[in-house]
Amino acid sequence: MKKIIKKTLRINYIQSFIGWIISIYLKFCYHSSSWDLKGEDHVKKLLSKKENFIVCFWHGRLLMTPFCWKYNKNFFMLISDHPDGRLISNAVSHFQIKTIVGSSSKNRLKSLKEIIREIKNNNIIGITPDGPRGPKYKFKDGIISISKLTNIPIIPLSFGSKFNFKFNSWDDFLFATPFNSYLSVWGKPIKWEKNDSNKTFKRRIEDELNRVTKLSNYLNN
């Protein structure tokens, strides 16, 4: 039975339909709730200077991030080619978010080229640095390499809500409800410095992303 369900969920038109249902649910959550935004000045400052950047957020905080981006710039998300990734891609497409397929050894070079091309085209890239399989809350080297190659900053992002529960999943996926209070928090831009090692650069970004994630949880305190 499980094999039949898995095969069914991999059918393109079924994935498209489920992605549409997910987008409807997310819009209902958004429009039935209050929404507060902190740290937006960090984004506005870079946009006013016409500077590009990479947005990063933990995989477990993926659900409501499409509503954090309200700026007049194309947004591309790096999403795996796994069936779950394709489902996410279908869902976020309803928010004018485009997809770059990546996160696997098979197409890593291809996705890197696409990311660099879109950055050169002055588009914004969104990445879950601990996806698609973890370990949770740990940056992988890929996003570090992209930031170094393109010489652009990384801006951490997180959201929280008053009413929610966490799935028993590898990423502690935060599932939120309608009729809620949401808070999204933008972090400070982190850029590669000449004295950085990969380890120190990674730690600086992880610390900032963990900081804004903790701040976004204040509604639960």
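One numbering rule holds for all chains: residues counted from 1, following each sequence as written. Under the rules for a predicted model, residues below a pLDDT of 70 receive no local features and side-chain atom pairs below 80 are neither given nor counted, while totals for whole chains, interfaces and linings still include all residues. Computation of side-chain values: all heavy atoms of the structure, hydrogens and water removed.

Peer 1: Looking at this model, I keep getting lost on the packing of aromatic side chains. Mind explaining?
Peer 2: Each aromatic ring pair is described using two quantities: the centre-to-centre distance and the angle formed by the ring planes. Aromatic pairs are defined between Phe, Tyr and Trp rings, using the six-membered ring for Trp, whenever the two ring centres lie within 6.5 Å; interplanar angles under 30 degrees are classed as stacked, those over 60 as edge-to-face, and all others as tilted. Tallied over the full model, the rule gives 20 aromatic pairs. Members of the aromatic cluster, connected to one another through ring pairs, are Tyr 30, Trp 35, Phe 67, Phe 95, Phe 159 and Tyr 182. Taking the ring centre of Phe 95 as reference, the NZ or CZ of Lys 27 above it sits at 5.5 Å. Just above the ring of Trp 192 sits the side chain of Lys 148; from NZ or CZ to the centre is 4.5 Å. Note on criteria: charge over ring means Lys NZ or Arg CZ within 6 Å of the ring centre, with the direction from the centre no more than 35 degrees off the ring normal.

Peer 1: I keep staring at a nonpolar patch on the surface and nothing clicks. Help me out?
Peer 2: Patch membership needs two things, relative accessible area over 30% and no salt bridge, and members are linked within 9 Å if like-charged or within 5 Å if nonpolar (Val, Leu, Ile, Met, Phe, Trp, Tyr). Areas reported as accessible are Shrake-Rupley estimates using a 1.4 Å probe. Residue values count occlusion only from the protein chains shown. Just to be clear on terms, a salt bridge is a Lys or Arg side-chain nitrogen sitting within 4 Å of an Asp or Glu carboxyl oxygen. The grouping of Phe 17, Trp 20, Ile 21 and Ile 24 at the surface amounts to a nonpolar patch, some 390 Å² of accessible area in total. Runs of E in the DSSP output that reach at least two residues are strands. Runs of H or I that reach at least four are helices, and both are numbered from the N terminus. Structurally, Ile 21 is set in helix H2 (residues 12-31).

Peer 1: Before we go on, may I ask you to explain the pattern of salt bridges in this structure?
Peer 2: Where charged atoms from two side chains of opposite charge come close, those side chains can pair. As enumerated under the stated definition, the model contains 8 salt bridges in all. Put simply, Lys 70 and Glu 40 hold a salt bridge, and the shortest N to O gap is 3.5 Å. With Lys 70 in the loop between strand E2 (54-56) and strand E3 (75-80) and Glu 40 in helix H3 (residues 40-48), this residue pair connects regions lying 30 residues apart in the sequence. Note on classification: 1.4 Å probe, protein chains only; a residue is buried when its accessible area is under 20% of the maximum for its type, exposed when over 50%, partly exposed between these limits. Assessed through its relative accessible area of 56%, Lys 70 is described here as exposed. The salt bridge partner of Arg 204 is Asp 196, with a shortest N-O separation of 2.5 Å.

Peer 1: Got a minute to help me understand the side chain of Asp 171 in this structure?
Peer 2: Inspection of the secondary structure puts Asp 171 in the loop between strand E7 (164-166) and strand E8 (174-176). For the purposes of these results, a polar contact is taken to be a pair of N or O atoms within 3.5 Å, where, inside protein, one atom must be able to donate a hydrogen and its partner to accept one; residues adjacent in sequence count only when each atom of the pair is a side-chain atom. A distance of 2.6 Å separates polar atoms of two side chains, one belonging to Asp 171 and the other to Ser 169. One polar contact links the side chain of Asp 171 to the main-chain amide nitrogen of Phe 173, over a distance of 3.2 Å. Should any heavy atoms of two residues lie within 4.5 Å, those residues are counted as being in contact. For Asp 171, the residues in contact, after removing those within four places along its chain, are His 59, Gly 60, Lys 136 and Tyr 137.

Peer 1: Mind showing me how you'd approach the environment of Lys 202 here?
Peer 2: Mapped onto the secondary structure, Lys 202 falls in helix H7 (residues 198-216). Among all residues touching Lys 202, those that are not within four sequence positions of it are Phe 139, Asp 141 and Ile 144.

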